[in-house]
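# Structural overview for review
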Amino acid sequence: MQRRVLLGLAGTLPLGCTAVAQSSAPGLRELARARGMSFGTAVRSEKLEADPILSALVAREADLIVPEWEGKWDVIQPERGRFEFEPLRAVMRFAQAQNQRVRGHALLWHEAMPRWLAPALAEGQSQAQQILETHITTVLAETRAGIRDWDVVNEVIAAPPGGDNPTPGSGDLRPTPWLAALGPGYVERALRIARQADPTLRLTINEFAVYSDTPWAQAKRDSLLRVVRGLLERNCPLDAIGIQGHLQMREPFRPEPYVAFLRALRALGLAVLITELDVREPDVLAPTIEGRDAAVAEYAGAFLQASRDGGVRSFLTWGLTDRDSWLVLEPGVARRDGVVTRGHPYDAELRPKPLRARLAQFFSA
Ligand code: 9MR
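Right, let's walk through the structure included here. Nothing here was measured: the structure is a model prediction, and the numbers come from that model. (Residues numbered from 1 in each chain as written. Predicted model: local features only at pLDDT ≥ 70, side-chain atom pairs only at ≥ 80, totals over all residues. Heavy atoms only, no water.)

### A short note on the site of the ligand
Taken together, the neighbourhood of the ligand is formed by 13 residues, with Glu68, Lys72, His105, Glu155 and Glu276 sitting nearest. Glu276 is positioned with one of its side-chain polar atoms (N or O) 2.7 Å from a nitrogen atom of the ligand. Trp318 is positioned such that a nitrogen or oxygen atom in its side chain is 2.9 Å from an oxygen atom of the ligand. Considered on its own, the ligand offers 460 Å² of accessible surface; in the complex 81% of this is hidden by protein. Residue classes in the shell around the ligand are distributed as four nonpolar, four polar and five charged. (Near = heavy atom within 4 Å. Polar contact = N/O pair within 3.5 Å; in protein donor to acceptor, adjacent residues only side chain to side chain. Areas by Shrake-Rupley, 256 points an atom, 1.4 Å probe, with all protein chains shown as cover. Nonpolar A, V, L, I, M, F, W, Y, C, P; charged D, E, K, R; others polar.)

Pasting the structure below:
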């Protein structure tokens, strides 16, 4: 199937993309697998369906895919008790046809909540508990055959003061409608429900902004470790930590504190994976595209290397291309100067960039 897609499209691929798709050089999935690692990316089902060039690239490059929105509450349970699985099934069908694995994302998050959810949670603890349980058990019954790893909870750690998005005064857990409704035991509750619903599923806690060499990233690493240690002390089921890896080049990076953190997680018996790698360029850009791309590849390369030194074997980017990325589309994240940020392996025209070459080199070493 993968071969047929690629051959069928070869004549229509743009320059650069054609080179990669037609070349007999191995894709990232093949390179990574040969070294006992995995490479993957986030996808959106409607983009895969609408864009055969993109879907050929995803088929060639990724061993793992994660739905960018199809697994979130606002898609899956738009109204209370009405479950909508078709978008997620589309991703699962694509993966099956390409012999790819799918990660699930996310069973509990404070964003992408359907409008009914926060008011319903606020109505009382027992109702909130029931809503959480129904959602997780219904979703896991649906995905059991095709998804063996889910982000059970996403972004639950409070942002310490001084970061981009401070939420002071809330302890280790971010103040959310979930915390308000269920109290600090809600993370454990979600993990236990998931374990019971699908006993061999890999249960992952996914977190962002824990990589840089800043006091507030260190404070967040410490919070996450405290939360994880507390869970494990109470024998709460937990298998893996997802480090999102939305890198920001304006932040200093030094491998030592980050690697120490990964090793501390590994010492607790947990797997660690990079789940959402992409790169935000600094406010002041290098004067040429070549200079910018080289800087992105270098910054990401240091992060990749440190992650591997810390025991990471699975690496997913949050999309393959700069086109349609949240880095470009999301107000407050998109650059104020209007420049399209070049933080993905392929540019907006699906041409491979130095970051793609850096990934290939990384997976070959
Ligand atoms: O990239 C995603 C964007 O398209 C969605 O609008 C948004 C809300 O559902 O979520 C974005 O993905 C986020 C991911 O789910 C969790 N980590 C941060 C990602 C970027 O915001």
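### Observations concerning the packing of helix α14 (residues 289–309) against helix α16 (residues 354–364)
Put simply, α14 and α16 touch, their axes get as near as 8 Å, and they point 25° apart. By the angle between their axes, α14 is roughly parallel relative to α16. The way α14 lies across α16 gives a crossing that is right-handed. Mapping the contact onto sequence places Asp293, Val296, Ala297, Ala300, Gly301, Leu304, Gln305 and Arg308 in α14 and Pro354, Leu355, Arg358, Leu359 and Phe362 in α16. (Axes fitted to C-alpha atoms, helices over the stretch in contact; angles between N-to-C directions. Helix = DSSP H or I, 4+ residues; strand = E, 2+ residues; numbered from the N terminus. Parallel < 35°, antiparallel > 145°, perpendicular 65-115°, else oblique. Left-handed = near helix turned anticlockwise from the far one by under 90°. Contact = heavy atoms within 4.5 Å.)

### Quick notes on the pattern of salt bridges
Within this structure, the stated rule accounts for 30 salt bridges. A salt bridge links Asp63 to Arg101; its shortest N-O distance comes to 3.9 Å. Here Asp63 is found in the loop between α5 (52–61) and β2 (64–67), whereas its partner Arg101 is found in strand β3 (residues 101–105), with 38 residues between them in sequence. You can call Asp63 buried: its relative accessible area is 6%. The salt bridge involving Arg254 is made with Asp213; its shortest N-O contact spans 2.9 Å. One end of the pair, Arg254, is in the loop between β7 (246–248) and α13 (255–267); the other, Asp213, is in the loop between β5 (202–207) and α12 (215–233), with 41 residues separating them in the sequence. Accessibility expressed as a relative area gives 39% for Arg254, which makes it partly exposed. One connected set of salt bridges, linked through shared partners, spans Arg29, Arg33, Asp63 and Arg101. (Salt bridge = Lys/Arg side-chain N within 4 Å of Asp/Glu carboxyl O. Buried < 20%, exposed > 50% of the residue type's maximum accessible area, 1.4 Å probe, protein only.)

### Some thoughts on unusual backbone geometry
Along the chain, His105 connects to Ala106 via a cis peptide bond; the corresponding omega equals 0°. Its identity as a non-glycine residue notwithstanding, Asn99 has a phi of 55°, on the positive side. Counting through the fold element by element, Asn99 comes out in the loop between α7 (86–97) and β3. Its relative accessible area of 62% is what places Asn99 among the exposed residues. You will see that Ala209, though not glycine, has its phi angle at about 60°, which is positive. Residue position: Ala209 is located in the loop between β5 and α12.

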